[in-house]
Amino acid sequence: MELDDADILHVARLARLQLTAAEVEPVRRDLNRVLEYVQTLHQLNLDNIEPTMHVSGLRAILRNDSVQPSLTVEEALRNAPEVREAMFVVPRIMGEGGEDE
Amino acid sequence: MSASFEVIIGLEVHVELKTASKLFCGCSTTFGAAPNSQTCPVCLGMPGVLPVLNQEAIRMACLSALALHCQVRPVSKFDRKQYFYPDLPKAYQISQYDQPLAEFGWVSVRPAGGDVKKVGIRRIHVEEDAGKLNHLGQRLGDAVGSLVDLNRAGVPLIEIVSEPDLRSAEEARLYLTELRATLSYLDVSDLRMEEGSMRCDANVSLRPVGYAGSVEDLPRVEIKNVNSIRNVQRGIEYEIERQRELLVHGERIVKETRGFDDATGQTYSQRSKEEANDYRYFPEPDLPPLVLDVSWIEDLRRNLPELPDAIRQSLVARGIPSKDAEVLVLDREAYEYWNAARSLYADERTLVNWMLSDVLRVLNLRNESFSQASVGPRALVELLTLIDQGTLSGRMAKEVLEAMFATQKSAADIVKERGLSQITDVAAVGAVVESVLTSHPAVVADYLSGKEKALAYLVGQVMKATRGQAKPDLVNRLLIEGIARESNPTR
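Residues numbered from 1 in each chain as written. Chains lettered and ligands numbered in written order. Predicted model: local features only at pLDDT ≥ 70, side-chain atom pairs only at ≥ 80, totals over all residues. Heavy atoms only, no water.

S.K.: Tell me about the overall build of chain A, residues and numbers included.
M.R.: A count of helical and extended segments in chain A gives three helices and three strands. Compactness check: chain A gives a C-alpha radius of gyration of 22 Å against a globular reference of 13 Å for 101 residues, more than 25% above the reference. Dimensions of chain A, computed from C-alpha atoms along their principal axes, come out at roughly 55 × 45 × 20 Å. Look at the contacts in chain A between residues 6 or more apart in sequence, and 33% of them connect residues 24 or more apart. Taken as a whole, chain A presents about 8000 Å² of accessible surface, with 55% of it coming from carbon and sulfur. Counting 10 positive and 19 negative side-chain charges, chain A places the centres of these two groups 4 Å from one another. (Helix = DSSP H or I, 4+ residues; strand = E, 2+ residues; numbered from the N terminus. Rg over C-alpha atoms; globule rule 2.2 N^0.38 Å. Contact = heavy atoms within 4.5 Å. Areas by Shrake-Rupley, 256 points an atom, 1.4 Å probe, with all protein chains shown as cover. Lys, Arg positive; Asp, Glu negative; His and termini not counted. Charge placed at Lys NZ, Arg CZ, Asp CG, Glu CD.)

In structure tokens form, the structure reads like this:
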């Protein structure tokens, strides 16, 4: 499968990357090369091999439902560019071409 | 003649599990704490942290799945659902995608006058909640910005996805009511829609009669995050009519997400979903698969509490009218109140009558629920016992009940204080009856000429004279006997 420009723009949008027109072509070339490399896996014979769910081979380790101390509000907000009423301030969400989930 | 359509509804219900700590970290889940006071590097999405699953969340999720007749998978896994939104600090939500915790369940609904209908549950999966956004503006659309509180980020949720089996807004209401009642008996969630501990998204589409394709391919509108069961019903009702209008006029339904405006009862467009969601799920590398012992699952199943269907059956078998049984089943607190009271009082029907008429009326006035009722089961039974002993008439007892709520005193104390004992002495009541008959000859004549209502007036006069304390059936009997004697003195 080969990615075209439309695929590149779609993936870029999902990742919030703004590609200039000049950047699309080299990115497409590089990504296709990566995919091509991964295709090597198709050469393996995977008959009778269970799909891998997780590389560790472990089972989930569960913890008891006990409350541990949280950060202070000051610590939690320390990296925020803008704070108001002890909350993180974020810019307007809807509109401006960025209507997303 | 307009084209006809069949309504297709599927519901996605998110339920917050009431664990003490979050799904993947030890932060408290207490509702209403100061903003951002219950966060840590894990739920803030700091780099380099690792999630560790909360055992109690898994237990509660399994219990819910079993109560909803689902099959719990012995092996399930967690996946990352990627999207950008400010309430999601990691830019992905840890959820379950292709191997959810449980599948293939059902909820039974009982449409009025119809047969019991099983509504399928496609899947139940475990995931983390997002934070809470407070928009700076009336609506998301015109907000200039938002404030983010991450206390809720990482609180455990189960998402219960129904099959598109519902055919009306009323069926959707019944499904939600039954689902909530079932979960209420498990003690796994507060289930408060107004606080967001239970949330519902409704997918609504109309299928033209004769349409042969898959339901999944119909243009579907999702009504998001409505804050009460009543409003889910209203939103669906509005949406059905809106879509019908469009289709009848040959217009197209746009696949989109819509909000619900409580004030107008209308849905409004929030965002278009024309472009398919592209969440790029992939297995969560930080969490190995969840493997559950089959014996542990079976143990949970064996220890499920009594659930609505069984409770309904046992109530009706005890002679409780099905309408009353329904009220008790759907309100766990009422059912527990009843259970406590019936262990002290034999006449279960009388008990239910009092609970669901008089007690419920006062509770509503006082904005109390059965679990916090100022007059508990034992106090109510004491009151009913006074009626049975003849100390109080039913009417006096209603008055005493209100006084019990207001003063927290026992029925016996109120009777004593107010000198309220019912007058059952034949001679005492008889004397009053005689005087009422003597002073109302015209009314007596009316009664004798066939006006049945005249008797009620005379009863009222006796009651008034005795401050409501004369035993009503005794008053009736003595009046009729008295009139008979006067009109037929020769006998």
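S.K.: Requested: an account of the interface of chain A and chain B, with residues and values cited.
M.R.: Listed per partner, the contact involves 39 residues of chain A and 66 residues of chain B. Roughly 4200 Å² is buried in total at the junction of chain A and chain B, and carbon and sulfur atoms are behind 61% of that figure. Inspection of the region where chain A meets chain B yields zero salt bridges. For the pair chain A and chain B, the interface holds 17 residue pairs in polar contact (both at pLDDT 80 or more). Tallied by class, the residues present in the side of chain A that touches chain B amount to 20 nonpolar, eight polar and eleven charged. (Buried area = accessible area lost by both parts, 1.4 Å probe. Salt bridge = Lys/Arg side-chain N within 4 Å of Asp/Glu carboxyl O. Polar contact = N/O pair within 3.5 Å; in protein donor to acceptor, adjacent residues only side chain to side chain. Nonpolar A, V, L, I, M, F, W, Y, C, P; charged D, E, K, R; others polar.)

S.K.: How would you explain the UniProt feature "domain: Asn/Gln amidotransferase" (unreviewed entry) in chain B if you had to name every residue and give the values?
M.R.: Residues annotated by UniProt as "domain: Asn/Gln amidotransferase" (unreviewed entry) correspond here to residues 336-483 of chain B. Structurally, residues 336-483 of chain B is divided into 72% helix and 0% strand, and its ends, taken at the C-alpha atoms, are 49 Å apart. (UniProt positions renumbered as here; feature names shortened; annotations may be inferred.)

S.K.: Go over the pattern of salt bridges, please, and point to the residues and values.
M.R.: Any two side chains of opposite charge can pair, given that their charged atoms come close. Inspection of the entire model under this criterion finds 47 salt bridges over all chains. Note that R28 of chain A and D5 of chain A form a salt bridge whose closest N and O atoms lie 2.8 Å from each other. Here R28 of chain A is found in helix α2 (residues 21-38), whereas its partner D5 of chain A is found in helix α1 (residues 5-14), with 23 residues between them in sequence. Under the relative-accessibility criterion, D5 of chain A is labelled partly exposed at 35%. With a closest N to O distance of 2.9 Å, D79 of chain B and K77 of chain B form a salt bridge. You'll find D79 of chain B and K77 of chain B in the same group, each marked buried. One network of salt bridges, in which partners are shared, links R110, E178, D309, R312 and E326 of chain B. (Buried < 20%, exposed > 50% of the residue type's maximum accessible area, 1.4 Å probe, protein only.)

S.K.: Quick rundown of the sheet that holds strand β6 (residues 92-95) of chain B? Include the residues and the values.
M.R.: Residue and element names in this part refer to chain B. Taken together, the three strands give an open sheet; going across it, the order is β6-β5-β16, and neighbouring strands pair in antiparallel fashion. Because the sheet does not close on itself, it has two edges, and the strands there are β6 and β16 (282-283). As paired elements, strand β5 (residues 79-82) and β6 share four bridges and run antiparallel to each other. Paired with D79 across the two strands is S95, which belongs to β6. (Pairing = 2+ DSSP bridges.)

S.K.: Tell me about a nonpolar patch on the surface, and please be specific about residues and values.
M.R.: Together, L31, V34, Y37, V38, L41, L44, L46 and I49 of chain A make up a nonpolar patch on the protein surface, roughly 810 Å² of accessible area in all. Following the sequence through the fold, L46 of chain A ends up in the loop between α2 and β1 (62-63). (Patch = residues over 30% accessible without salt bridge, like charges linked within 9 Å, V, L, I, M, F, W, Y side chains within 5 Å.)

S.K.: Account for the pairing of strand β1 (residues 5-16) of chain B, naming residues and giving values.
M.R.: Residues and elements named next belong to chain B. Of all twelve residues that make up β1, ten are buried, and the element is covered over most of its length. Strand direction decides the pairing type here: β1 and strand β12 (residues 198-208), joined by eleven bridges, are antiparallel. By the bridge assignment for β12, E12 is matched with D201.

S.K.: Please give an account of the environment of N134 of chain B that cites residues and values.
M.R.: Tracing the backbone shows N134 of chain B in strand β9 (residues 132-135). According to the relative accessible area criterion, N134 of chain B is partly exposed, its value standing at 29%. Considering only alpha carbons, one finds N134 of chain B and G145 of chain B, eleven residues apart in sequence, at a separation of 8.7 Å. Those residues in contact with N134 of chain B that sit more than four places away from it in its chain are M87 of chain A together with G145, S146, L147 and D149 of chain B.

S.K.: Describe the packing of helix α14 (residues 453-465) of chain B against helix α15 (residues 472-487) of chain B, with residues and values.
M.R.: Residues and elements named next belong to chain B. Interaxial distance between α14 and α15 falls to 10 Å at its minimum, and their mutual angle equals 120°. The angle between α14 and α15 falls in the class oblique. Handedness of the crossing formed by α14 with α15: right-handed. Seen from α14, the contacting residues are L455, L458, V459, V462 and M463; seen from α15, they are P472, V475, N476, L479, I480 and I483. Within the contact of α14 with α15, the residues separate by chemical class into ten nonpolar, one polar and no charged. (Axes fitted to C-alpha atoms, helices over the stretch in contact; angles between N-to-C directions. Parallel < 35°, antiparallel > 145°, perpendicular 65-115°, else oblique. Left-handed = near helix turned anticlockwise from the far one by under 90°.)

S.K.: Please give an account of the side chain of S184 of chain B that cites residues and values.
M.R.: Residue and element names in this part refer to chain B. Within the secondary structure, S184 is located in helix α2 (residues 169-184). According to the relative accessible area criterion, S184 is buried, its value standing at 16%. At a separation of 2.6 Å, a polar atom in the side chain of S184 contacts the main-chain carbonyl oxygen of A181. Residues contacting S184, with those up to four places away along its chain left out, are L191 and R332.

S.K.: Please give an account of the state of the cysteines that cites residues and values.
M.R.: Residue and element names in this part refer to chain B. By the definition in use, this model includes zero disulfides over all chains. With no disulfide of its own, C25 lies 3.7 Å from the sulfur of C40, the closest cysteine sulfur. Classification of C25 as buried rests on a relative accessible area of 6%. (Disulfide = S-S within 2.5 Å.)

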